[in-house]
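# Chain and residue survey
The residues making up each chain are set out below.
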Protein chains: 2
Amino acid sequence: MVERPLILVSNDDGVQAQGLRCLAHWLVSLADVIVVAPHEARSGAACSITTGKPVSVTRIEDTPGCRIYSCTGTPVDCVKLALDRLVPRSPALVVSGINHGDNASVSLHYSGTVGCVTEGCVRGIPSIAYSLMTRELKCDFTPYQKAVLHITSWVLQNGLAPGVFLNVNFPHVPLLQGIRVCRMARGRWESEWDDTSCEDTFRLGGHFVNLEPEADDTDYWALQHGIVSVTPLHIDVTDTPSLSQLQSLTLPIL
Amino acid sequence: MVERPLILVSNDDGVQAQGLRCLAHWLVSLADVIVVAPHEARSGAACSITTGKPVSVTRIEDTPGCRIYSCTGTPVDCVKLALDRLVPRSPALVVSGINHGDNASVSLHYSGTVGCVTEGCVRGIPSIAYSLMTRELKCDFTPYQKAVLHITSWVLQNGLAPGVFLNVNFPHVPLLQGIRVCRMARGRWESEWDDTSCEDTFRLGGHFVNLEPEADDTDYWALQHGIVSVTPLHIDVTDTPSLSQLQSLTLPIL
């Protein structure tokens, strides 16, 4: 009998999040699933790791094909700890999400959901982050099930190039208009700090601005047109053209 | 009279760190300096942001050419808050460090020092991260002063291409052997979790492994040969070759 593949699942909204539970439940149809996720919400955790204090992990559930652990660390800690200490065999995939909130354009840099799969990719495992463009904590994820299973199966079967991982975002629509492979939009967050009742104390808020709204080959454009965006990312973020352009910086001065 | 440029400085080792204080002190020779840095050490903070609770900032020092704020947020929060609420005019540069510990190869993904300048770059400001390959909290930074001022002056004068920022790492040697523009080495951390006295509780540790030790065009190779590595990074981490290679993933299935 051929052993089923193993998929490691994590997220940044915490182990009780609805998006994580849907994702893990669906993936049991493709593979054995092990979930290692933060015990509380860690939105905006990016690729942060826990230095200077210990991290604990607890097995909280065991159902056929799916074992769930809760971890006091960051999303990346969860993936690192799972791979080093918890998985019974090497996972075929690392999958994170489904995040409550999109991680398109530069938002991916702040995302713990994307952090999880950055770590999966560093470890040489094909990895996919899934996010949904709504901040609602309770919502209907069923419109996205078919696309999640299609993309996950595709990667299980075809793999990804070394150093490449996928950032998948779903528009919050009842009927998806398709799937598109696209690049990150240029964008940024603006007016990010809201005042509080206390002077010199602020709360992060703001809104995202797409700096190239007309470009139809970006993740943000796809989302705004009801299309699933699949953005391949690379772990090596070297800007290759600059390697030659910056040569005059190295004139002997020491 | 021409107004002096303004440089925003931050870090992830905290506002009292020696590396930050040296850097800010040196940069006053080039520009007015405003420091906004975490009130405590935030190593491994990556691009994390504070969601769900407020962030406070306090002005703690004012010396000629240099104003210093302490902030309860992450390194990226510090840069965001500085740019939105604290700077008197738009900075010419965002500079972070000098980090106590290198941020070469994939370590940059976990680095709050690199997080600061990722944010500077998102905001359209030329940005440079400086890190030193030692974890010592007290060390002699003077061997690096000349190179810091050279690289910073070069970027002040020449700028950087849109979306590009610099990750500079210093070897921990008394006499630098040169400056080299180089790409990220492929590498990863291994054996990362140390046991504690408590079962199911672990402490992050481990060691970095360079997966291409013979390649002489990488940041890690330069550092191991006493050479300063200058690695240009790009904010757009899309893997362009995959955009066409993944087309079969988008077959109509919905």
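Before reading further, recall that the structure is shown in the block above.
Scope of this entry: the structure provided in the associated data block. (Residues numbered from 1 in each chain as written. Chains lettered and ligands numbered in written order. Predicted model: local features only at pLDDT ≥ 70, side-chain atom pairs only at ≥ 80, totals over all residues. Heavy atoms only, no water.)

### Topic: the pattern of salt bridges
The test is simple: Throughout this description, the term salt bridge denotes a Lys or Arg side-chain nitrogen within 4 Å of a carboxyl oxygen of Asp or Glu. Helix and strand assignments follow DSSP, with helices taken as H or I runs no shorter than four residues and strands as E runs no shorter than two, numbered in order from the N terminus. For every residue, the accessible area obtained with a 1.4 Å probe (protein chains only) is divided by the maximum for its type, and the residue is called buried under 20%, exposed over 50%, and partly exposed between those limits.
Taken as a whole, this structure holds 30 salt bridges over all chains when the rule is applied. Here R85 of chain B ties to D195 of chain A by a salt bridge, and the two come within 2.8 Å at their closest N and O atoms. Linking R85 of chain B in helix α2 (residues 75-86) with D195 of chain A in strand β10 (residues 193-195), this pair reaches from one chain into another. For R85 of chain B, a relative accessible area of 35% corresponds to the partly exposed category. Overall, D195 of chain A belongs to the exposed group, its relative accessible area being 55%. The salt bridge involving R89 of chain B is made with D32 of chain B; its shortest N-O contact spans 3.1 Å. Residue R89 of chain B is located in the loop between α2 and β5 (93-100), and its partner D32 of chain B is located in strand β2 (residues 32-38); the two are separated by 57 residues in the primary sequence. On the basis of relative accessible area, R89 of chain B is assigned to the partly exposed category, the value being 22%. Residue D32 of chain B is classed as partly exposed on the basis of its relative accessible area of 23%. Within the structure, one salt-bridge network assembled from shared partners comprises K80, D84, E119 and R123 of chain A together with E192 of chain B.

### Concerning the environment of M184 of chain A
Residue and element names in this part refer to chain A. Structurally, M184 can be placed in the loop between β8 (179-181) and β9 (187-190). Judged by its relative accessible area of 2%, M184 falls in the buried class. For the pair formed by M184 and I151, sequence separation is 33 residues and the distance between their alpha carbons is 19 Å.

### Details of helix α1 (residues 18-27) of chain B
Counted only if it meets this: It only takes one pair of heavy atoms within 4.5 Å for two residues to be counted as in contact.
In terms of burial, α1 of chain B is a largely internal element, 7 of the 10 residues being buried. On its buried side, α1 of chain B packs onto β1 (6-10), β2, β4 (66-71), β5, β6 (127-132) and α4 (145-158) of chain B.

### Topic: the relation of the copies chain B and chain A
Basically, it comes down to this: Superposition of the copies was done by least squares, using only C-alpha atoms of residues whose pLDDT is at least 70 in both.
For the pair chain B and chain A, the best superposition has an RMSD of 0.0 Å and corresponds to a rotation of 180° with a translation of 0.0 Å parallel to the axis. Such values leave the two copies arranged in the relation of a two-fold axis. Here 99% of the contact residues of chain B are again contact residues in chain A; the copies associate through an equivalent surface.

### Quick look at the side chain of T231 of chain B
The test is simple: Whenever a nitrogen or oxygen atom comes within 3.5 Å of another N or O atom, the pair is scored as a polar contact, on the condition that within protein one atom can donate a hydrogen and the other can accept it, and that pairs from neighbouring residues in sequence are kept only if both atoms are in side chains.
Checked against the element boundaries, T231 of chain B lands in strand β13 (residues 228-234). For T231 of chain B, a relative accessible area of 0% puts it in the buried group. One polar contact links the side chain of T231 of chain B to the main-chain carbonyl oxygen of C182 of chain B, over a distance of 3.0 Å. The residues contacting T231 of chain B, other than those within four sequence positions of it, are T238 of chain A together with F165, L166, N167, C182, R183, M184 and D219 of chain B.

### Digging into unusual backbone geometry
All names here are of chain A. Note that the residue after G97, namely I98, is joined by a cis bond; omega there is -15°. The residue I98 is located in strand β5 (residues 93-100) in this model. Positive phi is not limited to glycine here, since S105 has a value of about 50°. Residue placement: S105 occurs in the loop between β5 and α3 (112-122). Exposure remark for S105: the relative accessible area of 0% places this residue in the buried category.

### A short note on the packing of α1 of chain B against α4 of chain B
All names here are of chain B. Spelled out, the test is: A fitted line through C-alpha atoms serves as each axis, taken over the contacting stretch for helices, and the angle formed by two N-to-C directions is quoted from 0 to 180°. We call two directions roughly parallel when the angle between them is under 35 degrees, roughly antiparallel when it is over 145, roughly perpendicular when it lies between 65 and 115, and oblique otherwise. Take the far helix as your reference; a near helix turned counterclockwise from it by less than a right angle gives a left-handed crossing, and one turned clockwise gives a right-handed crossing.
Across the interface, α1 lies against α4 with an axial gap of 10 Å and an inter-helix angle of 55°. In terms of orientation, α1 lies oblique with respect to α4. Between α1 and α4 lies a crossing whose hand is right-handed. On α4, the residues touching L23, W26 and L27 of α1 are Q145, V148, L149 and T152.

### Section: the sheet that holds β4 of chain B
Our working rule: Each pair of strands is called paired provided DSSP finds at least two bridges between the two strands.
One open sheet holds the 11 strands; their spatial order is β10(A)-β11(A)-β3(B)-β4(B)-β2(B)-β1(B)-β5(B)-β6(B)-β7(B)-β13(B)-β8(B), and the pairing between them is mixed. The open sheet terminates on both sides in strands that have one partner only, identified here as β10 of chain A together with β8 (179-181) of chain B. Each adjacent strand pair in this sheet contributes to an overall mean axis angle of 25°, direction not counted. Of the pairings in the sheet, the one linking strand β7 (residues 164-170) of chain B to β13 of chain B comprises 6 bridges and is antiparallel in character. When the sheet's bridge partners are listed, N167 of chain B is paired in β13 of chain B with T231 of chain B. Where α1 of chain B meets the sheet, its contacts fall on β1, β2, β3 (55-63), β4, β5 and β6 of chain B, and the angle it forms with β5 of chain B comes to roughly 140°. Strand contacts of helix α3 (residues 112-122) of chain B: β1, β5, β6, β7 and β13 of chain B, with the helix running at about 170° to β6 of chain B, the strand carrying the most contacts.

### Considering the side chain of S48 of chain B
Within the fold, S48 of chain B resides in the loop between β2 and β3. A polar contact is formed between the side chain of S48 of chain B and the backbone oxygen of A45 of chain B, at a distance of 2.6 Å.

### Examining the interface of chain B and chain A
Many structure descriptions define interface size as the accessible area lost when the parts assemble. Going by this rule: Values labelled buried area give the accessible surface lost by two parts on being combined, using a 1.4 Å probe and summing over both. Note that Gly is not counted as nonpolar here; it falls among the polar residues with everything else outside the nonpolar set of Ala, Val, Leu, Ile, Met, Phe, Trp, Tyr, Cys and Pro and the charged set of Asp, Glu, Lys and Arg.
At the junction of the two partners, chain B supplies 79 residues and chain A supplies 78 residues. Buried area between chain B and chain A, summed over both chains or domains, comes out near 7,100 Å², and the portion from carbon and sulfur atoms is 63%. Seen at the junction of chain B and chain A, the total is 6 salt bridges. Of the residues contributing to the side of chain B that touches chain A, the split by class is 39 nonpolar, 22 polar and 18 charged. Taken together, the 2 bridges between strand β11 (residues 201-204) of chain A and β3 of chain B define a ladder with antiparallel strand orientation. Each residue of the ladder has a partner; that of F202 of chain A, found in β3 of chain B, is V55 of chain B.

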